[in-house]
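Remarks on the overall topology
The lines below spell out each chain.
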Amino acid sequence: QVGYDVHATEARWQPVWESLDQFRADDDSAKEKRYALTMFPYPSGDLHMGHAEVTALHDVLARYWWLRGYEVMNPMGWDSFGLPAENAAIRNDEHPATYTYANIETQAASFKKYAVSFDWSRRLHTSDPEYYRWTQWLFLKFRERGLAYQKFSPVNWCPNDQTVLANEQVVDGKCERCGAEVTKRELNQWYFKITEYAQELLDDLDVLAPTWPDRVVTAQRNWIGRSEGAHVDFEVEGRDEPLTVYTTRPDTIFGTTFMVVAVDAALAAELVTEERRPALEAYREEIRAASDIERLATDRPKTGVDLGITATNPVTGEQIPVWATDYVLADYGTGIVMGVPGGDQRDWEFATKFGLPIVRTTQTPADWEGEAYNGEGAAINSPAAGVDVGLDINGLAVAEAKHATIAFLEQAGTGRGTVNFRLRDWLLSRQRYWGVPIPIIHCDSCGEVPVPYDQLPLELPELKGADLKPKGTSPLAAATDWVNVDCPECGAPAKRDSDTMDTFVDSSWYFLRYCSPNDDTRAFDPAVANAWMPADIYVGGVEHAVLHLLYARFFTKVLADMGLLEFREPFSAQLNQGFVINRGKKMSKSLGNGVNLGEQLAEFGVDAVRLTLVFAGPPEDDIDWAEMSPGGSLRFLQRAWRLSGDVTSPAGTPFAPGGGDLALRKHTARTLHDAAELVESFRYNVMVARVMELVNATRKAIDSGAGPADPAVRGATEVVAMLLSLVAPYTAEEMWERLGHQPTVARATWPDVDPALLVEDSVTAVVQVQGKVRARLEVSPDISEADLEAAALADESVRRALDGAEVRKVIVRAPKLVNIVV
Ligand code: ANZ
Ligand code: ZN
């Protein structure tokens, strides 16, 4: 027989596996639990190569855990609210649910064919009212704790999608989705107060660092962006309140030659003199909307307007001008900055452009040729020679100089040491339809009134097609029957909040819902969640390094504070897969280099595609499909399968061959032993390589060694089938059946390895004469001390080194070392 029919095999096993329901996780199992989590997909179209890769990698560990005797929960669901469905609905004049649920069915069928070991009984969709009921419940609970609040603020606005965008959805000043130029708008928006958890979110990264990818930990640290500095007050004549700046370098106070306020902060309009107001207004008109990253860029041309007032430097008493600019952000720190051109490159550019003085306050290195310098160095000009202001930090290093300045400011009451975070509160309002309705009613006399808990879920009204076209307000605002409601408190006519939630809210707790997906009395059962969580592995894309993972961590901490969870971090370990690319480039429509998963599966079959993706290299690396050989993978699988047909010894208990060829038994034992280590350290590609070697050794034993009836051949083939089940479940199941075993190999029990079979055939013993290495001997690992000593003394090079001298002492540490003293 040359091989098995790939597609017939797939068609045969799928229903068998389904009826065996072999991957259903039992909450009450007495076995140790493992939670294998992979990022759930967004239902746009069918599965693609990226999904194929991430689930193939993910499945290795999940299936391995079953074999090792754990109770494994490996759930799957859909992140099914969001813009693509809404845009499709507008295009096709239908309801977003039509697109959403049709795609979910397509993807679910593909996942089943792809044979991922998911527990389908836990399937969830975030757009189901049974799910979003609890998303609304969580929102109200957060609000009760003061962690969800509304405020007016300038927000990024996409004029094309007619919706608010989070900062990270603005790329180079353009909407990440549609490419339109992003503008700013003042809107009353809902926020989650994630900043209240900033310090804990930062601190716990230390706990995660050993088991999370470095790049994720670093990205989160930077995103949270803790900095230590000071608030410093600058008085303005005729104004009660001082101008308070946030600075990380209070030690540069002597080099502060101006102040700059964010042009879009209310403060700018408040400070400006009547004479300068027209200039400020003209400037505000003229500056185009830019992302925060662009605004902060040092190489962006500096613009600004003199507000016509001065402020007093609290240390030197000097009067310095106050300007407005766009390189200061309104919502970071205090929205106003002390301009130190000697220490900050943006300030340097600004001072140069507008002819403001530059005073260096940190000694630059001898070879310094740059402009602003903010590295280490002794303080200078602080104060200038001959000036006495009661503070002298000249000569101090940056840290001490900061310290001394803060102490001085605190003493004088003009400043305070402080910690600042770059992390902003999470803006969650979206002016779109296909999302979770915010369960709040706005009443003229009662204010914000929560929808009563017993009225949840607050379901979306039925809108479709043209009703969903962006109009600048949420489509829900136009659904008058839905939006007009009696106030639950006073009964007066009131209006529902017409925004929906950012879909990141939905995905911040889905891993908890998997624990009790059908509970209709609560979001999740705390006892069950505490038993499964935290997830032992979370596999997914590095594009979620910051937002999704940070939000999920935040939700977990709040729920722990609510007394519902006994852990404060949701994901113990994490694995980020690389991208599947083609011909060296990211797959894209415009390059026409997309690889269609369906076509690959039709040509090579599920197992060969999965094997190719797992074998390609370390999971974190990108996979260039053009360099892969799914055909080669298929040939290997057929070769492995042929072993199972050649075995002629009778089938007994699996993995109990009872003797036979020792070399093959040793090879099998070693492969099994190493495979465990390799899988547990995510080196799946190396594990596959080891299985390939075992297949070759087994083939050799059949054809020109022990022969097909040797029990060791059976043992080796059974181990090949079991290990292959982690990657190529159909081939493995076929092999298992041909070897005379009942389905399924996926639930076989990983055999214990006989330690005697792991003993290596020889080890290297080092022989030293007078402390110098003179020989290396290959000896048996269980050689006796006497034998090793004799072998050492008989060695030719040792004898030459001894040169007839009298041996005074021989120290033997079998089997590794012999030390001869003369
Ligand atoms: C004076 C100074 C001197 C500064 C110097 C830096 C170097 P991080 O580390 O990111 O927190 N800053 C403060 N608020 C700002 C805002 N709203 N928009 C733009 N820039 C702002 O950065 C804090 C530093 O960024 C602060 O320290 C301030 O400039 C600036 F040699 O103050 B510094
Ligand atoms: Zn009311």
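Residues numbered from 1 in each chain as written. Chains lettered and ligands numbered in written order. Predicted model: local features only at pLDDT ≥ 70, side-chain atom pairs only at ≥ 80, totals over all residues. Heavy atoms only, no water.

With 21 residues, helix α23 (residues 684-704) should reach 30 Å at 1.5 Å per residue; the first-to-last C-alpha distance of 30 Å fits that figure. Those residues of α23 that fall on the buried side of the exposure criterion are Tyr684, Asn685, Met687, Val688, Val691, Met692, Leu694, Val695, Thr698, Arg699, Ala701 and Ile702. Considering only its buried residues, α23 is in contact with α2 (49-67), β25 (574-577), α20 (606-615), α21 (630-646), α22 (662-680) and α24 (711-724). (Helix = DSSP H or I, 4+ residues; strand = E, 2+ residues; numbered from the N terminus. Expected span 1.5 Å × (residues − 1). Buried < 20%, exposed > 50% of the residue type's maximum accessible area, 1.4 Å probe, protein only. Contact = heavy atoms within 4.5 Å.)

For soluble globular proteins, the rule of thumb is that nonpolar side chains tend to be buried together. Formed by 183 residues in total, the largest nonpolar core has its most connected members in Tyr35, Phe139, Phe192, Trp426, Leu512 and Met687. Residue contributions to this core peak at 12 residues, all from α2. One finds Phe234, Ala265, Val272 and Leu409 within the second-largest nonpolar core, a separate group that totals 45 residues. (Core = buried A, V, L, I, M, F, W, Y, C linked by side-chain atoms within 4.5 Å.)

This paragraph deals with the site of ligand 1. With respect to spatial proximity, 18 residues lie near ligand 1, and among them Ser227, Thr247, Leu329, Tyr332 and Arg422 are the closest. Taking Thr248, its main chain carries an N or O atom lying 3.0 Å from an oxygen atom of ligand 1. Take Arg422: an N or O atom from its side chain is 3.0 Å from an oxygen atom of ligand 1. Protein chains bury 89% of the 640 Å² of accessible surface belonging to ligand 1 in isolation. Residue assignment for the shell around ligand 1 shows that the elements contributing at least two residues are β11 (243-247) and β15 (336-339). (Near = heavy atom within 4 Å. Polar contact = N/O pair within 3.5 Å; in protein donor to acceptor, adjacent residues only side chain to side chain. Areas by Shrake-Rupley, 256 points an atom, 1.4 Å probe, with all protein chains shown as cover.)

The subject of this paragraph is the packing of aromatic side chains. Overall, the coordinates contain 44 aromatic pairs when judged by the stated rule. Seen from their ring centres, Trp78 and Trp120 are 6.1 Å apart, and the 15° between their planes marks the pair as stacked. On the criterion of sequence distance, the pair formed by Trp78 in strand β3 (residues 77-78) and Trp120 in the loop between α4 (96-113) and β4 (124-125) is long-range, its members being 42 residues apart. Taken together, the ring pairs connect Phe139, Phe142, Trp190, Phe192, Tyr197, Trp426, Phe504, Tyr551, Phe554 and Phe555 into an aromatic cluster. If you follow Arg34 out to its NZ or CZ, it ends over the ring of Tyr70, 4.1 Å from the centre. (Phe/Tyr/Trp six-rings, centres within 6.5 Å; stacked < 30°, edge-to-face > 60°. Lys NZ or Arg CZ within 6 Å of the ring centre and 35° of its normal.)

Summarising the metal site, the zinc ion (ligand 2) is bound by the protein donors Cys443 (SG), Cys446 (SG), Cys487 (SG) and Cys490 (SG), whose distances to it range over 2.2 to 2.4 Å. In this structure, the zinc ion (ligand 2) is coordinated by four donor atoms arranged in tetrahedral fashion, with angles at the metal of 105 to 114°. Sequence positions of the donors to the zinc ion (ligand 2) reduce to the motif C-x2-C-x40-C-x2-C. The exposure class of Cys443 is buried, given its relative accessible area of 6%. Residue class for Cys446 comes out partly exposed when judged on its relative accessible area of 26%. (Donors = N, O, S within 2.8 Å, 3.2 Å for Na, K, Ca; no water. Tetrahedral: all angles 85-135°; square planar, octahedral: opposite > 155°, others 65-115°.)

Just geometry here; none of it tells us what the structure is for.
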